[in-house]
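Examining the three-dimensional arrangement
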Amino acid sequence: MDVRNLKVLIRGGGELASAVACRLVECHFNVVMTEVPQPQAVRRRVSFCEAVYDGVQNVEGRTARLVSSPQQVYNAWDAREMALVVDPKASISAALNPNVVIDAILAKKNLGTRITDAEMVIGLGIGFEAGKDTHVVIETNRGHNLGRIIRQGIAEPDTGNPGNIGGYTTERVMRAPCDGIIRTIKQIGDIVHAGEVVAYVEEQLVQAAIPGIIRGLLRDGTPVTKSLKAGDVDPRGDETYCHTISDKGRTISGGVLEAIMSHFNN
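Residues numbered from 1 in each chain as written. Predicted model: local features only at pLDDT ≥ 70, side-chain atom pairs only at ≥ 80, totals over all residues. Heavy atoms only, no water.

**Re the overall build of the protein chain**
Applied cut-off: Secondary structure follows DSSP: runs of H or I at least 4 residues long count as helices, runs of E at least 2 residues long count as strands, and numbering of each begins at the N terminus. Just to be clear, the radius of gyration here is over C-alpha atoms, and the globule rule we use is 2.2 Å times residues to the power 0.38. Relative accessibility thresholds used throughout: buried, under 20% of the residue-type maximum; exposed, over 50%; partly exposed, between the two (1.4 Å probe, protein chains only). Residues count as neighbours in contact if any of their non-hydrogen atoms are within 4.5 Å of one another. Only the protein chains shown count as cover for residues, and the accessible areas themselves come from Shrake-Rupley with a 1.4 Å probe. Positive charges come from Lys and Arg, negative ones from Asp and Glu, while His and the chain ends are left out of the count. By convention, the point assigned to a charge is CZ for Arg, NZ for Lys, CD for Glu and CG for Asp.
Helix and strand counts for the protein chain stand at five helices and 17 strands. The C-alpha atoms of the protein chain give 18 Å as radius of gyration, which agrees with the globular expectation for 266 residues (18 Å, within 12%). C-alpha extents for the protein chain along the principal axes are approximately 55 × 40 × 30 Å. Counting the 266 residues in the protein chain, one finds 49% classified as buried. Across the protein chain, every contact between residues at least 6 apart in sequence was considered, and the portion connecting residues at least 24 apart equals 53%. Counting only carbon and sulfur atoms, one obtains 46% of the accessible surface of the protein chain, whose full area is about 12100 Å². Positive and negative charge centroids in the protein chain, built from 29 and 31 side chains respectively, lie 2 Å apart.

**With respect to the pairing of strand β6 (residues 100-103)**
Note the following rule: In this scheme, strands are said to pair when DSSP sees at least two bridges between them.
Here β6 shows no split at all, with Val100 and Ile102 on one side and Val101 and Asp103 on the other all buried. In this structure, strand β1 (residues 7-11) lies alongside β6, joined through four bridges in parallel fashion. The residue of β6 that forms the bridge with isoleucine 10 is isoleucine 102. Relative to strand β7 (residues 120-124), β6 runs parallel, the two being bridged by four bridges. By the bridge assignment for β7, isoleucine 102 is matched with isoleucine 122.

**Quick word on the nonpolar core**
What counts here: Throughout this description, the term nonpolar core refers to a set of buried Ala, Val, Leu, Ile, Met, Phe, Trp, Tyr and Cys residues connected via side-chain atoms within 4.5 Å.
Core analysis: the largest hydrophobic core is formed by 39 residues, its most contacted members being Ile10, Leu24, Ile102, Ile122 and Ile260. If sequence neighbours within four positions are ignored, isoleucine 260 has contacts with Leu6, Leu24, Phe29, Val100, Ile102 and Ile122. Counting 21 residues, the second-largest nonpolar core is a separate cluster that includes Ile188, Val201, Ile214 and Ala230.

**Here we look at the layout of surface pockets**
Put simply, the rule reads: Both cavities and pockets are sets of points on a 1 Å grid over the protein atoms alone; in a cavity a 1.4 Å probe fits but cannot get out, in a pocket the set is open with protein on both sides within 12 Å along at least five of seven lines, and lining residues sit with an atom within 4 Å of a point. Grid points are joined across faces, edges and corners, and a volume is the space filled by probe spheres set on the points. Classification convention: Asp, Glu, Lys, Arg as charged; Ala, Val, Leu, Ile, Met, Phe, Trp, Tyr, Cys, Pro as nonpolar; all other residues, Gly among them, as polar.
The volume enclosed by the second largest pocket comes to roughly 150 Å³. Around the second largest pocket, the lining residues are Leu9, Arg11, Lys89, Ala90, Ser93, Val101, Gly112, Thr113, Arg114 and Asp117. Tallied by class, residues from the lining of the second largest pocket come to three nonpolar, three polar and four charged.

**Considerations on the pairing of strand β5 (residues 82-86)**
Every other side chain in a regular strand lies on the same face of the sheet, so the side chains alternate between the two faces. Of all five residues that make up β5, four are buried, and the element is covered over most of its length. In this structure, strand β2 (residues 30-35) lies alongside β5, joined through four bridges in parallel fashion. Residue pairing across strands places threonine 34 opposite valine 85, the latter belonging to β5. In the sheet, strand β4 (residues 62-67) pairs with β5 via four bridges, with the strands oriented parallel. Bridging across to β5, alanine 64 finds its partner in methionine 82.

The structure is reproduced here in structure tokens:
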């Protein structure tokens, strides 16, 4: 098989799914992503799911276009673009017959992906058992094993703590104080001070706990539930990090590419 023409379906269009998509398109694979009707990406500048709202999204020079039919998927591929379709159950898979299915929803549980969905099925992070739900699992926990290919068994348990950046972990993350609709007053790329108000949810404040740059923030008007991640402050203050793929994303996408190539190029 000519691996350059592999058809890859990625469930999810968030930050890590988008990092994987960029890597695979760079290697000349045909990529389609499936999403929910109202994605809640925080790192929106590097998430292809934003195409659900805007019709098109660019990440590091790669383009994903919102489509609604299998023919439009093929049209996007002919234009060397990725396709993104609102299709939470990935029903379009039946028409496209992908060679590879990647579950990158990061729901911390399996929402319906089966090892029989394609010749190669990959799960990112916890919620999957390699050899049962998927052919392989890619480790998503930061640390020594990040990006590791697991061919039998499960990924490491969720620590519940964000990765350490500039000496900060949980302090980097802004969370919704209650259920409601988020109203943002800052934007991704804005510099903030500790205690500065970034958004409101039903008149309650969402504040930055540390100084830095807003690397991620939910879209204005997004429905949220209490404690949902609403934003991310990067203490390093480098604006380029707001619109480029993270080290975690690049490492995980490398594991995915290795898993695919080792299967189809043996």
